[in-house]
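Chain residues, written in single-letter form:
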Amino acid sequence: MKEVILMPILYSYTPEEVEKFKAKLKQAEERAAFFEQAYKQEQAKNAKLQQQQKAD
């Protein structure tokens, strides 16, 4: 049986690549926050509708 040795490949990113990655990450985080907020608002609206239906 052959033994496999995994060697990590070291790669250094240029400052430009790092900045692009940071910008993409920030954009993704902002998008996630937006959708999380929209989801919470939708949940609150649905809960309110259910309460109104129970009251009727």
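Right above here is the structure, for reference.
Residues numbered from 1 in each chain as written. Predicted model: local features only at pLDDT ≥ 70, side-chain atom pairs only at ≥ 80, totals over all residues. Heavy atoms only, no water.

Draft legend 1. Examining the overall build of the protein chain more closely. Summing up its helical and strand segments, the protein chain has one helix and zero strands in all. By the compact-globule yardstick of 10 Å for 56 residues, the protein chain is too spread out, its C-alpha radius of gyration being 24 Å. Expressed as lengths along the three principal axes of its C-alpha atoms, the size of the protein chain is roughly 70 × 40 × 5 Å. Taken over 56 residues, the protein chain has a buried fraction of 0%. Summed over its atoms, the accessible surface of the protein chain is roughly 6200 Å², and 59% of this surface lies on carbon and sulfur atoms. (Helix = DSSP H or I, 4+ residues; strand = E, 2+ residues; numbered from the N terminus. Rg over C-alpha atoms; globule rule 2.2 N^0.38 Å. Buried < 20%, exposed > 50% of the residue type's maximum accessible area, 1.4 Å probe, protein only. Areas by Shrake-Rupley, 256 points an atom, 1.4 Å probe, with all protein chains shown as cover.)

Draft legend 2. How the structure looks around the packing of aromatic side chains. Scanning the entire structure with this criterion turns up one aromatic pair. Ring centres of F34 and F35 lie 5.3 Å apart, and the angle between their planes is 80°; on these two criteria the pair is classed as edge-to-face. Per residue, the accessibility class of F34 equals that of F35, and both read exposed. (Phe/Tyr/Trp six-rings, centres within 6.5 Å; stacked < 30°, edge-to-face > 60°.)

Draft legend 3. Broad picture of the pattern of salt bridges. Per the stated rule, a full pass over the model turns up three salt bridges. K40 is the salt-bridge partner of E36, the closest N and O atoms lying 3.8 Å from each other. Here K40 and E36 lie together in helix α1 (residues 15-55), a separation of four residues that amounts to about one turn. (Salt bridge = Lys/Arg side-chain N within 4 Å of Asp/Glu carboxyl O.)

Draft legend 4. Focus on the environment of I5. By secondary structure assignment, the location of I5 is in the segment before α1. Of the residues examined, I5 reaches a relative accessible area of 63% and is grouped as exposed. With 46 residues separating them along the chain, I5 and Q51 place their C-alpha atoms 61 Å apart.

Draft legend 5. Expanded view of a nonpolar patch on the surface. On the surface, a cluster of nonpolar side chains totalling about 350 Å² of accessible area is made up of Y11, Y13 and V18. Here Y11 shows up in the segment before α1. The exposure class assigned to Y11 is exposed, which follows from its relative accessible area of 54%. (Patch = residues over 30% accessible without salt bridge, like charges linked within 9 Å, V, L, I, M, F, W, Y side chains within 5 Å.)

Draft legend 6. Just the environment of K26, in detail. Looking at where K26 falls in the secondary structure, it is placed in helix α1. Spatially, the C-alpha atom of K26 lies 35 Å from that of L49, the residues being 23 residues apart in sequence.

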